[in-house]
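Okay, here's what each chain looks like letter by letter:
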Amino acid sequence: MNMKKNNFSYLAMFALVSTTMISCSKKSKDFYYETGGEIWFRNSEISLKFDKKMNCSIYYQNFNNSLNDVSDSANNINPSYYLEVNGEEVRDFSVDYNNIKVETIETELGKGKRLILTGIAEKENKYKIEKELVVELYNNYPDAAISYAMYKNTGDKELIIDADYSNCFQMN
């Protein structure tokens, strides 16, 4: 009898440790990232891949071929969201990997999940801007994504926003 209790205790401890290790791995079927690297956010039919500059590549069913090109070799490719501030384009937002969030949501569109990426663009003596990029994927709409960005001046200089560009995607 004592042996069964010990075996059960070890089994329970193993299950608890395994569950903890899996939940802390930053990997799941729908969401995955490596600090300093790619961030993947998936639904049943589309996958979104973000790089460390918050650029987004879109994949539909086939994870080998992106529908758009955000590579450094692509000519005149714009990030999906960026600003023009004081006459200068602000594009290079660096992801804050410590503040990546994924939430389960339920809205008028149904159940889904929300990815929140935060990044900073900074140019000495000119600006420091925080971008919060939000992407929502819904179970009822497996081939669609809803996204928007919010910006905050975190520097000490006043800024004039000349233009706010959103959902800029050049499809292949």
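Within each chain, residues carry numbers counting from 1 in the order of the written sequence. Thresholds applied to this predicted model are a pLDDT of at least 70 for local features of residues and 80 or more for the giving and counting of side-chain atom pairs; totals over whole chains, interfaces and linings are not thresholded and use all residues. Side-chain metrics rest on all non-hydrogen atoms present in the structure, leaving aside hydrogens and water.

Draft legend 1. Quick look at the nonpolar core. Side-chain atoms within 4.5 Å are what join buried Ala, Val, Leu, Ile, Met, Phe, Trp, Tyr and Cys residues into a set we call a nonpolar core. Relative accessible area decides the class of each residue, using a 1.4 Å probe on protein chains only: under 20% of the type maximum gives buried, over 50% gives exposed, and in between gives partly exposed. Within the largest apolar cluster, 27 residues are counted, with the highest numbers of intra-cluster contacts made by Ile39, Phe50, Ile100, Leu115, Leu117 and Leu133. The greatest single-element share of this core, amounting to five residues, is contributed by strand E10 (residues 127–138). Discounting chain neighbours no more than four positions away, the residues touching Leu133 are Phe50, Met54, Tyr81, Leu115, Ile116, Leu117, Tyr148 and Ala149. Per the convention used, a helix needs a DSSP run of H or I reaching at least four residues, while a strand needs a run of E reaching at least two, with both numbered from the N terminus. Contact definition: two residues touch when any of their heavy atoms are within 4.5 Å.

Draft legend 2. Looking closely at the pairing of E10. E10 sits mainly inside the fold: nine of its 12 residues count as buried. Examined bridge by bridge, strand E9 (residues 110–123) and E10 share 12 bridges and lie antiparallel to one another. If you follow Gly119 over to E10, its bridge partner there is Lys131. In this analysis, strands are considered paired if DSSP registers two or more bridges between them. Hairpin connection from E9 to E10: three residues lie between these consecutive antiparallel strands, with Asn125 at a positive phi of about 65°. In this structure, E10 lies alongside strand E11 (residues 141–153), joined through 10 bridges in antiparallel fashion. Each residue of the ladder has a partner; that of Leu137, found in E11, is Ala145. The antiparallel pairing of E10 with E11 creates a hairpin that spans two residues between the two strands.

Draft legend 3. Quick peek at the environment of Lys101. Note that Lys101 resides in strand E8 (residues 101–107). Remark: the alpha-carbon pair of Lys101 and Arg114, spanning 13 residues in sequence, is separated by 8.0 Å. With sequence-adjacent residues up to four places away left out, Lys101 is seen in contact with Arg114, Leu115 and Ile116.

Draft legend 4. Main features of the sheet that holds strand E6 (residues 88–90). Strands sit in the order E6-E5-E12 across an open sheet of three strands; the sheet is antiparallel. Looking at strand neighbours, the two that pair on one side only are E6 and strand E12 (161–166), the edges of this open sheet. When the angles between neighbouring strand axes are averaged without regard to direction, this sheet yields 20°. Two elements, strand E5 (residues 81–85) and E12, share five bridges in a ladder whose sense is antiparallel. Its bridge partner being in E12, Leu83 is matched across the sheet by Asp164. Note on geometry: axes are lines fitted to C-alpha atoms, helical ones only across the stretch in contact, with angles between N-to-C directions running from 0 to 180 degrees.

Draft legend 5. Focus on the confidence of the model for the chain. A residue-level look at the chain finds 72% of positions with pLDDT of 70 or above and a mean pLDDT of 80. Each residue gets a pLDDT score, which is the predictor's confidence in that residue and runs from 0 to 100. Throughout residues 1–26 the model reports pLDDT below 50, and contacts reaching past four residues in sequence, or to other chains, amount to five contacts.

Draft legend 6. Region of interest: the packing of aromatic side chains. Two aromatic rings, drawn from Phe, Tyr or Trp (for Trp, its six-membered ring), form a pair once their centres lie within 6.5 Å of each other, and the interplanar angle then sorts them: stacked below 30 degrees, edge-to-face above 60, tilted otherwise. Scanning the model with the defined rule gives five aromatic pairs in all. Judged by centre distance (5.2 Å) and plane angle (40°), the ring pair of Trp40 and Tyr59 falls under tilted. Taken as a pair, Trp40 in strand E2 (residues 39–42) and Tyr59 in strand E4 (residues 56–60) lie far apart in primary sequence, 19 residues in all. Here Trp40 matches Tyr59 in class, with each residue buried. Geometrically, the ring pair formed by Tyr82 and Tyr165 is stacked, given 4.5 Å between the ring centres and 20° between the ring planes. One end of the pair, Tyr82, is in strand E5; the other, Tyr165, is in strand E12, with 83 residues separating them in the sequence. Residue Tyr82 is classed as buried on the basis of its relative accessible area, which comes to 4%. Its relative accessible area of 28% is what places Tyr165 among the partly exposed residues. The side chain of Arg91 reaches across the aromatic face of Tyr82, ending 4.8 Å from its centre. Here, over-ring charges are defined by two tests on the NZ atom of lysine or the CZ atom of arginine: distance to the ring centre within 6 Å, and angle to the ring normal within 35 degrees.

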